[in-house]
Structure formats: C-alpha cells, structure tokens
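A look at the structure
So you can see what is in the structure, the chains are spelled out below.
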Amino acid sequence: QVRLVESGGGLVQTGGSLRLSCEFPARTLYAMGWFRQAPGKEYEFVAGIRRSGDRTDYADSVKGRFTISRDNVKNTVLLQMNSLKPEDTAVYYCAARAGMFVRTERRDYDYWGQGTQVTVSS
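The structure contained in this document is the topic of the report that follows.

1. Comments concerning the environment of Y93
Counting through the fold element by element, Y93 comes out in strand β9 (residues 90-97). Given the relative accessible area of 14%, Y93 is considered buried. When the C-alpha positions of Y93 and R19 are compared, they lie 13 Å apart, and in sequence the two are 74 residues distant. Other than its neighbours up to four places away in sequence, Y93 contacts E6, G33, W34, F35, Q37, Y43, W112, G113, Q114 and G115.

2. A short note on the packing of aromatic side chains
Under the definition given, this model contains 8 aromatic pairs. Aromatic pair Y43 and Y93: ring centres 5.3 Å apart, planes at 45°, arrangement tilted. Of this pair, Y43 sits in the loop between β4 (31-37) and β5 (44-49) while Y93 sits in strand β9, placing them 50 residues apart in sequence. Through successive ring pairs, a cluster of aromatic residues spans F35, Y43, F45, Y93, Y109 and W112. In this structure, R106 is placed above the aromatic ring of Y43, and the distance from its NZ or CZ to the ring centre is 3.8 Å. Geometry around W112 places R106 over its ring, the cationic atom sitting 5.8 Å from the centre.

3. A few points about the pattern of salt bridges
Evaluation of the coordinates by the stated rule reveals 5 salt bridges. A salt bridge links D88 to R36, with the shortest nitrogen-to-oxygen separation between them at 2.9 Å. Taken as a pair, D88 in the loop between β8 (76-81) and β9 and R36 in strand β4 lie far apart in primary sequence, 52 residues in all. Accessibility expressed as a relative area gives 1% for D88, which makes it buried. Ionic pairing is found between E105 and R107, a salt bridge with its closest N-O pair at 3.7 Å. Classification of E105 as partly exposed rests on a relative accessible area of 37%. You can call R107 exposed: its relative accessible area is 69%.

Reading the values: rules and limits
Sequence order sets the numbering: in each chain, residues are counted from 1 along the sequence as written. Only residues with pLDDT of 70 or above have their local features reported here, since the model is predicted, and side-chain atom pairs are shown and tallied only from 80 upward, although totals for entire chains, interfaces and linings are computed over all residues. To obtain the side-chain values, all non-hydrogen atoms of the structure were used and water was disregarded. Segments assigned H or I by DSSP are reported as helices when at least four residues long, segments assigned E as strands when at least two residues long, and all are numbered from the N terminus. For every residue, the accessible area (1.4 Å probe, protein chains only) is compared with the maximum for its type, and the residue is labelled buried under 20%, exposed over 50%, or partly exposed between those bounds. Whether two residues are in contact is decided by their heavy atoms, any of which lying within 4.5 Å being enough. In this scheme Phe, Tyr and Trp rings, the latter by its six-membered ring, pair at centre separations within 6.5 Å, and the angle between planes marks the pair as stacked below 30 degrees, edge-to-face above 60, and tilted otherwise. In this analysis the charged atom, NZ for Lys or CZ for Arg, is taken to sit over a ring once it is within 6 Å of the ring centre and within 35 degrees of the ring normal. Salt bridges are counted wherever a side-chain nitrogen of Lys or Arg sits within 4 Å of a carboxyl oxygen of Asp or Glu.

Okay, here's the thing in structure tokens:
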C-alpha cells in the first residue's frame, strides 16, 4: 500500500497564493499528478510531473499560474499556486502512478491522497 500525505490547503483571497505538498514513500518512483474536484463536478487533472522530474504537464486553466515540482531525495511533490481565482476552489488530491509518464485521466493513477481543501474567496 502506497500512502500519500498531502498538506498545505486553506482559505485565501482572490489573487493570493498557496503551496500544496505531497509526501510519497521513500525508494519508490512514480509519475505524480494533482487533481481537483469542485462541489458537484467531476475530477479534473491539474498538473503532473514525470518520474524523473524533467517534464511537466498542466491543465489549460492553470497554465502560467501553477507550478508543479518534485524532490526525489525528500520524497515530496509540490504544487505552487499563484494568482488564485474563486474557480480554483476545490478539494485537491495528490496521485501517483507506477510509470514514468504523466497521464491526465484519473483512471491511470494507482494511489491517491486523502485530499486537501482549497478555498478562494472573492
């Protein structure tokens, strides 16, 4: 069982910033992704990073505002979120897949964190 532990959510005003963190088990190498789910909506891919960390992918809605990164020594993946908007409000989930490449579909990920709430007030 792979346990992912998220932290960093909270309440912020429009235009503010938050940084989400996700710890993954040591000595495991997965491609990592962040997804989100707003109330009454489907899961949405937000950002992903290759196992090697040399390539990233973003949803169009967050490009230029969010940055995903990883540290394979500290076993963490980060999502830096800037210029937040009310439509970014959602529960954010960290996910891992046992492969090298990023995928944007929820079904392609094997392990999930418990989720962290991000609320952006207008």
